[in-house]
Amino acid sequence: MKYVDEYRDEASARRYLDALGRITTRPWYIMEICGGQTHTVVKAGIDRLIPENVQLVHGPGCPVCVTSLELIDKALAIARRPEVIFTSFGDMIRVPGSGADLLSVKAEGGDVRIVYSPLDAVKIAAANPDRQVVFFAVGFETTAPANAMSVVRARDLGLKNYSILSSQVLVPPAMEAILGAPGNLVQGFLAAGHVCAVMGYWEYGPIAEKYRIPVVVTGFEPLDLLQGITMAVAALEEGRHGVENQYSRAVTYEGNTRAQALIQQVFEVGDRKWRGIGEIPMSGLSLREEFAAFDAERRFQVEAITAEESAECIAGDILRGLKKPHECPAFGTRCTPDRPLGAPMVSAEGACAAYYQYGRTV
Amino acid sequence: MNDFAGFMGATCPIPLDRYPTVQLAHGGGGRFSAQLVRDMYLAAFGNPALDVLHDGAVLDVPGGRLAFSTDSFVVKPLFFPGGDIGSLAAHGTLNDIAMCGAKPMAMSVGFILEEGLPMDDLWRIVQSLGAAVRRAGVPVVTGDTKVVDHGSGDGVYINTTGIGMIPPGVEIAPTRARLGDVVIVSGEIAVHGIAIMSVREGLEFETALESDSADLSGLVGRVLAAAGNGVHVLRDPTRGGVASALVEIAQSAQVGVLIEERAIPVGDEVRGACEILGFDPLYVANEGKFLAIVAPEVVGEVLRVMRADPLGQQAAVIGEVVGDHPGRVILHSSVGGLRAVDMLSGEQLPRIC
């Protein structure tokens, strides 16, 4: 298939691997931020093709995985209400909360529907004026513009029965949290290409400067990752820091300024709890006061719900790159995709599920 | 803090496979379905013919071996590009009988109809089912109809059951996969599942894709006539796709299966849709394709027969049975890495980004 096969070609992969082998002289720890990249790495077997002393650390960039347990519990509480049509992207509906998941709420009679765009949820709201339609607005900067657009659209249509449960998170604060954490191993980042397609990469210069690390904006195909890794290792070997752009076919320095303006218009930055990591200052987006009427947490008064995370799940260590999934004692035994203890085992883009699905037990 | 015992008990977040209620995933053809079959059905009904867990049972009867299979159809929407629930219900059971190596002889049809279903829709479905079995030369010899309250069904559910006789010299069983055997797929995979997705509510995307739903019994008969006992395993990879079917075979025969990602025929439209949705075509349903695991000496003959048939023109060798990793399927990726291919926990879910 044109524009896909070119990025999955074995001969080209071999050339990058040879180059990487030649330039690597010592161990390096590089984090790929995004769950989509982790999935490609494990699916294509890239982490086992690259030199052994280049260690890939799987970062917290799976929005499903980092959505806090208490927010999922809030979603479950809202979805159980008889007047509610609860809409969500597909991969959220199997993520376990404290006692259930959205699939089981659906099995109990809740009206839970998978949608493919938040604008579809707005359409459902317009078509069902006697029901409350809630969209689970999960994601990084990639989904924020469409989620913001849905709120603007609902307001313009005069809809009183549409709201979003926001779990928008931001990448740069998470990178800083990782770099500043005690015991941090990460020496360089592959930044998430699709986040940068929206946001550009102007935000990463100050981080690269402050921590004196290379940040390579990287795509999602196997060859994108091999090239991104090679660029990061080359910078590390040469003692360079700064931001480079591997994914130039999709990403510019400024990014999509109209999308950024839309995010600004609807959301404001605030503190946000990340599953497995805890609260990261100024790392999430919440609806601005003028859009408060579209905030499901307020509409359904679920702000008071709190939840304790599983004590056995080491998601925090996984998402910060301190441990590999198979190093968890529960991996593949007490924690499987059928019975996940924590979110990284549920989502297809979670590091634990990727390791499990693709047979990484050692 | 939880101690271990407490953790495994009341406070365990969610033992997904121990739900107190049935989940959609229990019908999805992945691990949940396999658990239901193993832990509930086999426990209640287990016997040598059932325990094989093939697409149909093989029974010794006076004068030969009888293949016997049943299947229920609950597809939404009822009419889709390339077919409808009627033709699908005919093809599904014809194919299950064919996968036992048998020539289908007769079928039963049971309808569960929802009150309020337009009679015209039912007529179209019945006509379509009738046309499909006539083309296959297999009579519907018995049937049943029940009607449920409005709101208790999705218009029409259909159950079909079939029987057929297995010719002498043919011996098809998942346990017959052996070291050195070659894995062949009869054509481009994942077409049916993507064609259905393309017309589901909320996801209408423009595609000319039509379901591959087809009766494979004629083609299978010709393959068996040409390669006979050299054909060891046949399987139509419906729900759960090629991946789940191969994992089941690897586990039944306790052999390893190594497949080559680049050799697997996937059409451009299907690949494009899978890229967008975040689906792996290996797990998407097929209704007009089959897997054949054959002895190396008959590979050429099997491919020749398949490719001469409109239903098998894209037939390809996609892998082999190996001595390593018994019970597991390993895929050699397009960039040269290796990964395990496992059953999915539930249905594939479209991803966020």
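Values in this document were obtained by computation on a predicted structure and should not be read as measured data.

Take the overall build of chain B next. Within chain B, the secondary structure is distributed over 10 helices and 14 strands. What you see for chain B is a C-alpha radius of gyration of 20 Å, in line with the 20 Å of a compact globule of 353 residues. With respect to the principal axes defined by its C-alpha atoms, chain B has extents near 65 × 55 × 45 Å. Across the 353 residues in chain B, those meeting the buried criterion constitute 56%. Partitioning the intrachain contacts of chain B with sequence separation of at least 6 by distance along the chain shows that 83% fall at a separation of at least 24. Summed over all atoms, the accessible surface of chain B reaches about 15200 Å², with 56% contributed by carbon and sulfur. For chain B, the centre of its 24 positive side-chain charges and the centre of its 41 negative side-chain charges are spaced 4 Å apart.

Quick look at the sheet that holds strand β12 (residues 316-322) of chain B now. All names here are of chain B. Strand order in the open sheet formed by 7 strands is β9-β11-β8-β12-β10-β13-β14, and the pairing between neighbours is mixed. Of all strands in the sheet, those with a lone pairing partner are β9 (231-235) and β14 (338-341), marking the two edges. Neighbouring strand axes in the sheet, compared pairwise and without regard to direction, differ in orientation by 25° on average. As paired strands, strand β8 (residues 182-185) and β12 are joined by 4 bridges and run antiparallel to one another. Within β12, the residue paired with Val185 across the bridge is Ala316.

Residues and elements named next belong to chain B. Side chains of Met40, Tyr41, Phe45, Leu50 and Leu53 sit close together on the surface and give an oily, nonpolar patch of about 480 Å² of accessible area. The biggest single contributor to the nonpolar patch is helix α2 (residues 31-45), with 3 residues. Here Phe45 is to be found in helix α2.

Here the focus is the domain arrangement of chain A. All names here are of chain A. If you check the domain split of chain A, you get domain 1 (1-310) and domain 2 (315-357). Measuring from the centre of the C-alpha atoms in domain 1 to the corresponding centre in domain 2 gives 18 Å. Taken residue by residue, the interface counts 27 residues in domain 1 and 23 residues in domain 2. Buried surface at the junction of domain 1 and domain 2, summed over both partners, amounts to about 2000 Å²; 65% is from carbon and sulfur atoms. Per-residue buried area on domain 1 facing domain 2 is highest for His39, His58 and Cys65; these three make up 25% of the total on that side. Connecting domain 1 to domain 2 are 0 salt bridges. Between domain 1 and domain 2 we count 2 residue pairs in polar contact (both at pLDDT 80 or more) in total. It is strand β2 (residues 54-61) that contributes the most residues to the side of domain 1 that touches domain 2, 6 residues altogether. In terms of residue class, the side of domain 1 that touches domain 2 is made up of 14 nonpolar, 10 polar and 3 charged.

So, on to α2(B). An α-helix turns once per 3.6 residues; consequently, residues spaced three or four apart project the same way. Between its first and last C-alpha, α2(B) extends 20 Å over 15 residues, near the 21 Å set by a 1.5 Å rise per residue. Residues of α2(B) that are buried include every one of Arg31(B), Phe32(B), Ser33(B) and Gln35(B), and no others.

This part covers the state of the cysteines. All names here are of chain A. This structure, assessed with the given rule, holds 0 disulfides over all chains. Between Cys313, a free cysteine, and Cys335, which holds the nearest cysteine sulfur, the sulfur-to-sulfur gap is 6.2 Å. Classification of Cys313 as partly exposed rests on a relative accessible area of 26%. Counting only cysteine sulfurs, Cys335 is the nearest neighbor of Cys328, a cysteine outside any disulfide, at a range of 6.5 Å.

Time to look at the confidence of the model for chain B. For chain B, per-residue confidence averages 89 on the pLDDT scale, and residues scoring 70 or more make up 91% of the total. Across the interfaces of the predicted complex, the ipTM metric reaches 0.74, alongside a pTM of 0.83.

Another aspect to go through is unusual backbone geometry. Residues and elements named next belong to chain B. That bond from Lys76 to Pro77 is cis: its omega, -5°, falls within 30 degrees of zero. Position of Pro77 among the secondary structure elements: in the loop between β2 (64-73) and β3 (79-80). Positive phi outside glycine occurs at Ala190, with the angle close to 75°. Locating Ala190 in the fold gives a position in the loop between β8 and α6 (191-197). In this structure, His325 takes a positive phi of about 35° despite not being glycine. Along the chain, His325 turns up in the loop between β12 and β13 (329-332).

Let us now look at the packing of aromatic side chains. Working definition: an aromatic ring pair is given by the centre-to-centre distance plus the angle between the planes. One pass over the full model with this rule turns up 7 aromatic pairs over all chains. In this structure, Arg249(A) packs its charged tip against the face of Tyr7(A), placed 3.9 Å from the ring centre. Seen from the ring of Phe79(B), Arg124(B) lies directly overhead, with NZ or CZ sitting 3.9 Å from the centre.

Moving on: the sheet that holds strand β11 (residues 278-287) of chain A. Residue and element names in this part refer to chain A. Ordered in space as β4-β3-β5-β6-β11-β10, the 6 strands form an open sheet in which the pairing is mixed. Of all strands in the sheet, those with a lone pairing partner are β4 (111-114) and β10 (267-274), marking the two edges. Across the sheet, the mean angle separating the axes of adjacent strands is 25° when strand polarity is ignored. Of the strands in this sheet, β6 (162-169), β10 and β11 are in contact with helix α9 (residues 171-180), which crosses β11 at around 175°. Of the strands in this sheet, β10 and β11 are in contact with helix α13 (residues 257-266), which crosses β10 at around 80°.

Another aspect to go through is the domain arrangement of chain B. Accessible area lost upon the coming together of the parts serves often as the stated size of an interface. Residues and elements named next belong to chain B. Along its sequence, chain B is carved into domain 1 (54-166) and domain 2 (174-341). Domain 1 and domain 2 are separated by 23 Å when their C-alpha centres are compared. Contact with domain 1, which involves 19 residues of that partner, is made by 21 residues of domain 2. The junction of domain 1 with domain 2 conceals about 1700 Å² of combined surface from both sides, 61% of it contributed by carbon and sulfur atoms.

All names here are of chain A. Where helix α7 (residues 118-127) contacts helix α8 (residues 144-156), the two axes come as close as 8 Å, and the packing angle between them is 25°. Here α7 is positioned roughly parallel relative to α8, judged by the angle of their axes. Between α7 and α8 lies a crossing whose hand is right-handed. Facing α7, whose interface residues are Pro118, Leu119 and Val122, α8 presents Ala146, Asn147, Met149, Ser150, Arg153 and Ala154. Tallied by class, residues from the contact of α7 with α8 come to 6 nonpolar, 2 polar and 1 charged.

Before going further, it helps to spend a moment on the pairing of β6(A). Residue and element names in this part refer to chain A. Where burial is concerned, most of β6 is hidden: 8 out of the 8 residues are buried. By the alternation rule, side chains of β6 split into Tyr162, Ile164, Ser166 and Gln168 and Ser163, Leu165, Ser167 and Val169, which are all buried. By the bridge criterion, 7 bridges tie strand β5 (residues 132-139) to β6 in an arrangement that is parallel. Bridge pairing in β6 links Gly139 to Gln168. Between β5 and its parallel partner β6, the chain crosses via α8, and the hand of that crossover is right-handed.

The two faces of a sheet get side chains in turn, since along a regular strand they alternate between them. Residue and element names in this part refer to chain A. Among the 5 residues that make up strand β3 (residues 84-88), 5 are buried, leaving the element largely enclosed by the rest of the structure. With burial as the criterion, each face of β3 is covered, one bearing Val84, Phe86 and Ser88 and the other bearing Ile85 and Thr87. Across 4 bridges, β3 lies against β4 in parallel orientation. Residue pairing across strands places Ser88 opposite Ile114, the latter belonging to β4. After leaving β3, the chain enters helix α6 (residues 102-107) and then returns to the sheet as β4, a path that is right-handed.

Let us now look at the environment of Pro118(B). With respect to the helices and strands, the residue Pro118(B) is situated in the loop between β5 (103-114) and α5 (119-136). Taking the C-alpha atoms as reference, Pro118(B) lies 36 Å from Leu219(B); in sequence the two are 101 residues apart.

How each quantity is defined
- Residues numbered from 1 in each chain as written.
- Chains lettered and ligands numbered in written order.
- Predicted model: local features only at pLDDT ≥ 70, side-chain atom pairs only at ≥ 80, totals over all residues.
- Heavy atoms only, no water.
- Helix = DSSP H or I, 4+ residues; strand = E, 2+ residues; numbered from the N terminus.
- Rg over C-alpha atoms; globule rule 2.2 N^0.38 Å.
- Buried < 20%, exposed > 50% of the residue type's maximum accessible area, 1.4 Å probe, protein only.
- Contact = heavy atoms within 4.5 Å.
- Areas by Shrake-Rupley, 256 points an atom, 1.4 Å probe, with all protein chains shown as cover.
- Lys, Arg positive; Asp, Glu negative; His and termini not counted.
- Charge placed at Lys NZ, Arg CZ, Asp CG, Glu CD.
- Pairing = 2+ DSSP bridges.
- Axes fitted to C-alpha atoms, helices over the stretch in contact; angles between N-to-C directions.
- Patch = residues over 30% accessible without salt bridge, like charges linked within 9 Å, V, L, I, M, F, W, Y side chains within 5 Å.
- Salt bridge = Lys/Arg side-chain N within 4 Å of Asp/Glu carboxyl O.
- Domains from an automatic or database assignment.
- Buried area = accessible area lost by both parts, 1.4 Å probe.
- Polar contact = N/O pair within 3.5 Å; in protein donor to acceptor, adjacent residues only side chain to side chain.
- Nonpolar A, V, L, I, M, F, W, Y, C, P; charged D, E, K, R; others polar.
- Expected span 1.5 Å × (residues − 1).
- Disulfide = S-S within 2.5 Å.
- pLDDT = per-residue confidence, 0-100.
- Phe/Tyr/Trp six-rings, centres within 6.5 Å; stacked < 30°, edge-to-face > 60°.
- Lys NZ or Arg CZ within 6 Å of the ring centre and 35° of its normal.
- Parallel < 35°, antiparallel > 145°, perpendicular 65-115°, else oblique.
- Left-handed = near helix turned anticlockwise from the far one by under 90°.
- Right-handed = clockwise from strand over helix to strand, strands pointing away.

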